[in-house]
Amino acid sequence: MEDWRAQGSFNSENRHQVKISVCEPRVVDKIKKHVIYSVKGVDRDGTFEVYRRYSEFSQLRALLISRWPGCYIPPLPPKQVINNLEDKFVEERQKYLERFCNAIAELPYLYLSLIHI
């Protein structure tokens, strides 16, 4: 059985090539107001950009916990029901979501498993 380190596909030299930024939060008013964030990045496959709301980050974390029981999964900022659309709160949450994404990128067992989701 080959180890991911032996394949050279994700070693300590190219691990740091993954960079993710969570930016450009905006309030969307469909049925219920919520904030979406642009998630931009670059990895060995090129650049990417998607738009996600907090609940999708939370779902991702729950999925990772179920797939990797007993392994470290980076935390998310806590959910807040009241005043969750205020600029200061949104900016702080954005910062912590970016930390969450980059922490996942630093853990090859997590980042590489996302390819198969």
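### Focus: the side chain of His-34
With respect to the secondary-structure elements, His-34 resides in strand S2 (residues 33-43). For His-34, the side chain forms a polar contact with the main-chain oxygen of Lys-32, separated by 3.0 Å. The contacts of His-34, once residues within four sequence positions are left out, are Arg-26, Val-27, Val-28, Arg-53 and Leu-85.

### With respect to the pairing of strand S1 (residues 19-29)
Relative to S2, S1 runs antiparallel, the two sharing nine bridges. Across the sheet, Val-27 pairs through a bridge with Val-35, a residue of S2. Between the antiparallel neighbours S1 and S2 lie three residues.

### Let's talk about the layout of surface pockets
Space inside the second largest pocket adds up to approximately 290 Å³. Around the second largest pocket, the lining is made up of 15 residues, and of these His-34, Arg-53, Lys-79, Asn-84 and Arg-93 lie nearest the centre. The set of elements that each furnish at least two residues to the lining of the second largest pocket consists of S2, helix H2 (54-67) and helix H3 (87-106). Among the elements that take part in the lining of the second largest pocket, S2 stands out by supplying four residues, more than any other. Within the lining of the second largest pocket, the residues separate by chemical class into six nonpolar, four polar and five charged.

So, how was this worked out
Residues numbered from 1 in each chain as written. Predicted model: local features only at pLDDT ≥ 70, side-chain atom pairs only at ≥ 80, totals over all residues. Heavy atoms only, no water. Helix = DSSP H or I, 4+ residues; strand = E, 2+ residues; numbered from the N terminus. Polar contact = N/O pair within 3.5 Å; in protein donor to acceptor, adjacent residues only side chain to side chain. Contact = heavy atoms within 4.5 Å. Pairing = 2+ DSSP bridges. 1 Å grid on protein atoms, 1.4 Å probe; cavity = no way out; pocket = protein on both sides within 12 Å on 5 of 7 lines; lining within 4 Å. Points joined across faces, edges and corners; volume = space filled by probe spheres on them. Nonpolar A, V, L, I, M, F, W, Y, C, P; charged D, E, K, R; others polar.

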